[in-house]
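Chain by chain, the residues:
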Amino acid sequence: MEINVLLFELALTFYLLSTITGVIELFRRRKATSNATRYLAIIGFLFHSANIVVRYIQGGHIPIMTIHEASSFFSWCILLLFFFHEYRYRLGLLGSFIMPIVFILMLSSSIFPREIKALSPVLKSYWFGIHVTLAFVGDAAFAMACGIGIMYLVQERYVKSKHLSRLFQKLPSLETLDAINYHLITLGFPLLTLAIITGAIWANTAWGTFWRWDPKEVWSLITWLIYALLLHLRLSYGWRGRKASILSIGGFLFILFTFFGVSLVMKGFHVFG
Amino acid sequence: MEILVVGLNHKTAPIEIRERVAFDGQKIFDALRILRESEVVRESIILSTCNRVEVYAGVKDGEDGAEFIKGFFSDFHNIPRELLDKSLYVYHGAEAIRHIFRVSSSLDSMIVGEPQILGQVKDAFSLSLKSKNTGVVLNRLMEKASSVAKRIRTETRIAESAVSISFAAVELAKKIFGDLSVKSFMLIGAGEMAELATRHLINNGVKDVSVTNRTYERAEELAREFGGRPVRFDNLLDELKHIDIVICSTGAPNYILTKQDLQRIMKQRKQKPMFIIDISVPRNIDPKINDLDNVYLYDIDDLQGVIELNIQARNREAQKAEEIVTAEVESFLRWKASLSAVPTIVALRDKAEMIRKGELEKALRKLGPLGEEQIKTIDYLTKAIVNKLVHPPTVALKFEQEDKDELIATIRKLYGLNSEKG
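Note that the structure is a prediction, hence the values are computed from the model and not measured.

What's the story with the packing of aromatic side chains in this structure? I'm lost.
The geometry of an aromatic ring pair comes down to the distance between the two centres and the angle between the two planes. The final tally for this structure, using the stated rule, is 25 aromatic pairs over all chains. Considering the side-chain rings of Trp219(A) and Phe257(A), the 4.6 Å spacing of their centres and the 65° angle between planes classify their relative orientation as edge-to-face. Here Trp219(A) is found in helix H8 (residues 215-237), whereas its partner Phe257(A) is found in helix H9 (residues 241-265), with 38 residues between them in sequence. Of the residues examined, Trp219(A) reaches a relative accessible area of 22% and is grouped as partly exposed. Look at Phe23(B) and Phe72(B): their rings are 5.9 Å apart centre to centre, the planes differ by 10°, and that puts the pair in the stacked class. Placement of Phe23(B) in the loop between helix H1 (15-21) and helix H2 (27-37) and of Phe72(B) in helix H3 (residues 62-77) is noted, with a sequence separation of 49 residues between them. The two residues Phe23(B) and Phe72(B) agree in class, both being buried. Over the aromatic face of Tyr296(B) sits the side chain of Lys160(A), whose NZ or CZ is 4.9 Å from the ring centroid. A cation sits over an aromatic face here: Lys162(A) above Tyr298(B), 5.2 Å from the ring centre.

What am I meant to see in the pattern of salt bridges here?
Close approach of charged atoms lets side chains of opposite charge pair. Residue and element names in this part refer to chain B. Throughout the structure, instances matching the rule amount to 36 salt bridges over all chains. For Arg151, the salt bridge identified is with Glu328, shortest N-O distance 2.7 Å. With a gap of 177 residues between them, Arg151 in helix H7 (residues 136-155) and Glu328 in helix H13 (residues 300-337) connect regions that are remote in the sequence. Two residues, Glu221 and Arg218, come together in a salt bridge whose shortest N-O distance is 3.0 Å.

Hey, could you run me through the sheet that holds strand E2 (residues 41-48) of chain B in this one?
Residues and elements named next belong to chain B. The strand order E2-E3-E1-E4 describes an open sheet built from four strands, whose pairing is antiparallel. The two strands at the open ends of the sheet, each matched to only one other strand, are E2 and strand E4 (89-92). Going across the sheet, the axis of each strand differs from the next one's by a mean of 15°, ignoring polarity. Looking at chain direction, E2 and strand E3 (residues 52-59) are connected through seven bridges and run antiparallel. Looking across to E3, one finds that Ser44 is bridged to Ala57. Docked against the sheet, H3 engages strand E1 (2-9), E2, E3 and E4, running at close to 30° with respect to E1.

So what exactly am I meant to see when it comes to the environment of Ala41(A) here?
All names here are of chain A. Looking at the element boundaries, Ala41 is found in helix H2 (residues 33-59). On the basis of relative accessibility, which here comes to 0%, the residue Ala41 falls in the buried class. Between the C-alpha atoms of Ala41 and Thr19, which are 22 residues apart in sequence, the distance is 8.4 Å. What Ala41 contacts, discounting residues up to four positions off in sequence, is Tyr15, Ser18, Phe82, Phe83 and Met99.

Is there a simple way to think about a nonpolar patch on the surface in this case?
On the surface, Leu16(A), Leu17(A), Ile20(A) and Ile24(A) cluster together to form a nonpolar patch covering roughly 290 Å² of accessible area. The residue Ile24(A) is located in helix H1 (residues 3-27) in this model.

Please clarify how the pairing of E1(B) should be interpreted in this entry.
Within a regular strand, side chains alternate between the sheet's two faces. Residue and element names in this part refer to chain B. The element E1 is extensively covered by neighbouring structure, given that seven of its eight residues are classed as buried. Looking at chain direction, E1 and E4 are connected through four bridges and run antiparallel. For Leu4, the partnering residue across the bridge sits in E4 and is His92.

I'm lost on the interface of chain A and chain B in this one. Help?
Often, the extent of an interface is quoted as the loss of accessible area on bringing the components together. Across the boundary between the two partners, chain A contributes 29 residues, which contact 31 residues of chain B. A combined buried area of about 2,500 Å² lies between chain A and chain B, and 44% of that area is made up of carbon and sulfur atoms. If you look at where chain A meets chain B, you find four salt bridges. The closest approach of N and O atoms between Lys162(A) and Asp302(B), which form a salt bridge, is 2.8 Å. Taken together, the connections running from chain A to chain B amount to 17 residue pairs in polar contact (both at pLDDT 80 or more). For the side of chain A that touches chain B, the secondary-structure elements that each account for two or more residues are helix H5 (126-161), helix H6 (166-170), helix H7 (174-207), H8 and H9 of chain A. Broken down by element, the residue count for the side of chain A that touches chain B peaks at six residues, all from H5(A). Of the residues that constitute the side of chain A that touches chain B, the class distribution is 10 nonpolar, eight polar and 11 charged.

Would you mind going over the sheet that holds strand E6 (residues 208-213) of chain B with me for this structure?
Whenever strands of a sheet pair, they do so through backbone hydrogen bonds, lying parallel or antiparallel. Residue and element names in this part refer to chain B. Judged by pairing direction, the sheet is parallel, and its six strands sit side by side in the order E7-E6-E5-E8-E9-E10 without closing on themselves. Lying at the two open borders of the sheet, with one neighbouring strand each, are strand E7 (229-232) and strand E10 (295-299). In this sheet, adjacent strand axes meet at a mean angle of 20° when their direction is disregarded. Both strand E8 (residues 245-249) and strand E9 (residues 274-278) contribute to a ladder of four bridges, which runs parallel. Following the sheet pairing, Ile247 is matched in E9 by Ile277. The sheet contacts of helix H8 (residues 165-177) involve E8, E9 and E10, and relative to E9 the element is tilted by about 165°. In this fold helix H10 (residues 216-226) packs onto strand E5 (184-189), E6 and E7, with an angle of close to 155° to the strand it touches most, E6.

Can you help me understand the packing of helix H5 (residues 93-104) of chain B against H7(B) in this one?
What describes two packed helices is the angle between their axes and the distance between those same axes. Residues and elements named next belong to chain B. Between H5 and H7, the least distance of the axes is 8 Å, while the angle of their chain directions is 45°. As judged from the angle between their axes, H5 and H7 are oblique. The crossing of H5 and H7 is right-handed. The residues of H7 that touch H5, namely those facing Ile97, Ile100, Phe101 and Ser104, are Leu141, Met142, Lys144, Ala145, Val148 and Ala149. A per-class count over the contact of H5 with H7 returns eight nonpolar, one polar and one charged.

Just to check I follow, could you spell out the domain arrangement of chain B for this structure?
You can read the domains of chain B as domain 1 (2-155), domain 2 (179-306) and domain 3 (340-414). The distance between the C-alpha centroids of domain 1 of chain B and domain 2 of chain B comes to 44 Å.

Cut-offs and rules
- Residues numbered from 1 in each chain as written.
- Chains lettered and ligands numbered in written order.
- Predicted model: local features only at pLDDT ≥ 70, side-chain atom pairs only at ≥ 80, totals over all residues.
- Heavy atoms only, no water.
- Phe/Tyr/Trp six-rings, centres within 6.5 Å; stacked < 30°, edge-to-face > 60°.
- Helix = DSSP H or I, 4+ residues; strand = E, 2+ residues; numbered from the N terminus.
- Buried < 20%, exposed > 50% of the residue type's maximum accessible area, 1.4 Å probe, protein only.
- Lys NZ or Arg CZ within 6 Å of the ring centre and 35° of its normal.
- Salt bridge = Lys/Arg side-chain N within 4 Å of Asp/Glu carboxyl O.
- Pairing = 2+ DSSP bridges.
- Axes fitted to C-alpha atoms, helices over the stretch in contact; angles between N-to-C directions.
- Contact = heavy atoms within 4.5 Å.
- Patch = residues over 30% accessible without salt bridge, like charges linked within 9 Å, V, L, I, M, F, W, Y side chains within 5 Å.
- Areas by Shrake-Rupley, 256 points an atom, 1.4 Å probe, with all protein chains shown as cover.
- Buried area = accessible area lost by both parts, 1.4 Å probe.
- Polar contact = N/O pair within 3.5 Å; in protein donor to acceptor, adjacent residues only side chain to side chain.
- Nonpolar A, V, L, I, M, F, W, Y, C, P; charged D, E, K, R; others polar.
- Parallel < 35°, antiparallel > 145°, perpendicular 65-115°, else oblique.
- Left-handed = near helix turned anticlockwise from the far one by under 90°.
- Domains from an automatic or database assignment.

Put into structure tokens, the structure is as follows:
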């Protein structure tokens, strides 16, 4: 087995373990597993980072060429944000909601071919690195917003229905979740905007046109419009809390479709590989 | 020495009796003196709270001790024995230890997991300690009782969730808003429960307080009490757009806040969440308000329901706590058993012999090859020294009658014979 494949499998395994302890944590009384979820994720993250470094060295370019690489890099970005939020806000049960997303992305990554492809000449551009990095960090912020949105809906359900379970005790307060959701959207939205702009600039240098209505471009635009709408409704009409959470979950589903659906179902030059 | 508990509590005695046997104020010092000077009781502690009055004692003989303490209750408070005997319970030995651990951990309290009792037990102990009523056994037992209580508090969740209306309100407010110090609060009306909840909210960080009442003077009065701002009742709807948390407790026969009112208010405050607690009966706030987004309305029954569930959860946790108590009682009994003369003498001799052998071997190795006679002499020498040193404590352990527990504990401490710690 190649070293990068081994590292990937190790990362995947630790993310699975972390997801399992995260889910157990939802149903258990004790606090002990909370650390397990975090540390298992950290160990997985170290293997994962090593995997990315190895692929970078072997391929000579940032490893986001194939759908396997892109999906894996996407989860890596989510984890980075997860650790930051976990450290900064100490949110109870955050891992239980984020790690399943990370694990599913990694699992999808694992079913695609893993060979390292050579960089096609058109991608050898300064803009390319900036474009994809912005896109991935932005999408990772939206993924986090989705996880936080789910937490909000669960907690809101408890408070509204007046049935306060054990989970209610462990989940963070509604306003905290809403505030973090908002701040993640305000992080993701400018990044997505910049990704689209740098993408257009790069397209112009590569093909001489800013916009070609390729499916990925169209779906990215739709995603951008959803988050623009979300921000607008929030600021002008007070669409916060439950509505904002539902929208951020919906927005993330569009991102996933743009990410996997468009690449697999539709043809276009954004297709990996 | 036998450990003994004699007392009564909220389950065995009505308040009329509990009041009469309480050792309040100066009485407790007289009571402790009587117990201290008695021939039957060697060590004693008096715990007197509004829910229980108990004497913890170390006595020579369990039956005599129980009889003496019952008589003491009756004489001291001038209550006929027949009346007391119906309420008083007596626990001996292991059962007494278990009872003391359960009381300290608040497993025997009216509300399981309530936080005050451990402090009360500690105070009772320190009072007895200062009056020199306790000795080795009760000192150790009470230290153990607090550590058991702490262990139960951290390892189970018996004390976790709110079990009173006002605490449940605070707990919910925290789960909706997180940081309460930046939130505004309004009390509509008055009433004991509402004022208590207000007090708890303020203790939990709420700073911006306003009070309204149909009688403006009453609003002013309460506002002064809470360091808040009085608001005219007619301005209520206007004011509410700045308010995050509301407690409503008025005697109005109808709804003073309708769904339409609140819909408008929510629009004005850009849908910022509101937590409304309506503890008035009949209800003063339209229950349909809870259907609005970002509004959380709890009435008295809702809060009661929350508490009910929390109490059930605590009782489930109490099962786990009982297991911890059982284990700790056994560990205490093991320590207490070590407090008898024979095992202490054996332990002391074993330890001395072990040291002697170890040192002897070391010395022989250093000295190199020696004749048999020489080895014999050295061996004899070390044995003689050890025996002479161990002899006096052994004699003391065998013949001393008074304060034997004290002596044994001291010897075990001095010679480092306590295998078990904590």
